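Notes for the structure review
Each chain is listed here by its residues.
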Amino acid sequence: MVICVTDRTRCEGDFTQRLHQIAWARPHAVLLREKDLSTEEYEELAVKCKCICDNLKVMLILHTHVEVARRAGISRIHLTLKSLEEMAGKLEDFEEVGTSVHSVDEAIVAQYMGASYLIAGHIYATDCKMGVPARGLEFLRDVCDAVQVPVFAIGGINRERIAAVRSCGASGICVMSGLMRCDDPGGVCKKLVESDASYR
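Now for a look at the structure at hand.

Conventions and cut-offs
Residues numbered from 1 in each chain as written. Predicted model: local features only at pLDDT ≥ 70, side-chain atom pairs only at ≥ 80, totals over all residues. Heavy atoms only, no water. Core = buried A, V, L, I, M, F, W, Y, C linked by side-chain atoms within 4.5 Å. Buried < 20%, exposed > 50% of the residue type's maximum accessible area, 1.4 Å probe, protein only. Helix = DSSP H or I, 4+ residues; strand = E, 2+ residues; numbered from the N terminus. Contact = heavy atoms within 4.5 Å. Pairing = 2+ DSSP bridges. Axes fitted to C-alpha atoms, helices over the stretch in contact; angles between N-to-C directions. Expected span 1.5 Å × (residues − 1). Phe/Tyr/Trp six-rings, centres within 6.5 Å; stacked < 30°, edge-to-face > 60°. Lys NZ or Arg CZ within 6 Å of the ring centre and 35° of its normal.

Comments concerning the nonpolar core
Soluble globular proteins: nonpolar side chains tend toward being buried together. One finds Leu-32, Leu-62, Leu-118 and Leu-140 to be the most contacted residues of the largest nonpolar core, which totals 71 residues. Examining the composition of this core, we find that six residues originate from one element, helix H2 (residues 39-55), more than from any other. Residues in contact with Leu-62, not counting those within four places in the same chain, are Leu-31, Leu-32, Tyr-42, Ala-46, Val-68, Ala-69, Ile-74, Arg-76, Ile-77 and His-78.

So, in structure tokens, the structure goes:
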């Protein structure tokens, strides 16, 4: 399964057009990250993205903005681990509640707090984490072994690395820069989806 993580500041041209091309390729989900926006700006963008994803039958996951998700009728949210802990027991109306983890201990805590999926990273060196050492495949394997919920790997992942990531027990991959910066987001996403599908 492939999750596209957005960062419109990294892409050239119209972001919603890029998102439409990505959604056309039918990834498992789109995670609307966009941490720099105000609540009002994020909500405006989320509504546009929901229209695109609904039309192409792709799941949309909102990031951080729980009340925006509720107002927009979006039942999937991604939170920081701290926010997940603070909101424990208050998210029963969401179908999916995910969080990002950077250690085995965090993964165990996240599962205990009710996370339905985890994003673990970063696995390979990536421009998004310039100067920060990658945690590597052993870390990913340890996280996957420690929990029963699906784990998605993030950080420097391309088609050539899917096999290694999947062999560690990951349920899928997350890609941000590879889809935000490329010239053919639809084509790149389609190839990622096709490559990953062989591991289902």
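Read on for the rest.
Some thoughts on the sheet that holds strand E5 (residues 96-101)
Strand order around the closed barrel formed by eight strands is E1-E2-E3-E4-E5-E6-E7-E8, with parallel pairing between neighbours. The mean inter-strand angle of the sheet, taken between neighbouring strand axes irrespective of direction, is 25°. Lying on the sheet, helix H5 (residues 104-112) is in contact with E5 and strand E6 (117-121); it crosses E5 at an angle near 165°.

Observations regarding helix H9 (residues 185-197)
Owing to its 3.6 residues per turn, the α-helix brings residues three or four apart onto one side. Compared with an ideal rise of 1.5 Å per residue, which puts 13 residues at 18 Å, H9 spans 18 Å between its outermost C-alpha atoms and is within 8% of the ideal. All of the buried residues in H9 are Pro-185, Gly-186, Gly-187, Cys-189, Leu-192, Val-193, Ser-195 and Asp-196. In this fold, the buried residues of H9 make contact with strand E1 (2-5), helix H1 (15-24), helix H7 (162-167), strand E8 (172-175) and helix H8 (177-180).

Some remarks on the packing of aromatic side chains
In this structure the tally under the stated criterion is one aromatic pair. On the numbers, 6.1 Å between centres and 90° between planes, the contact of Tyr-117 with Phe-152 is edge-to-face. Residue Tyr-117 is found in strand E6, and its partner Phe-152 is found in strand E7 (residues 151-154); the two are separated by 35 residues along the sequence. One cation-aromatic arrangement involves Arg-161 over Tyr-124; the distance from NZ or CZ to the ring centre is 4.1 Å.

A word on unusual backbone geometry
For the bond from Gly-121 to His-122, the omega torsion is -5°, close enough to zero to count as cis. Mapped onto the elements of the fold, His-122 is located in the loop between E6 and helix H6 (136-146). In this structure, Glu-34 takes a positive phi of about 45° despite not being glycine. Of note, Glu-34 is situated in the loop between strand E2 (29-32) and H2.

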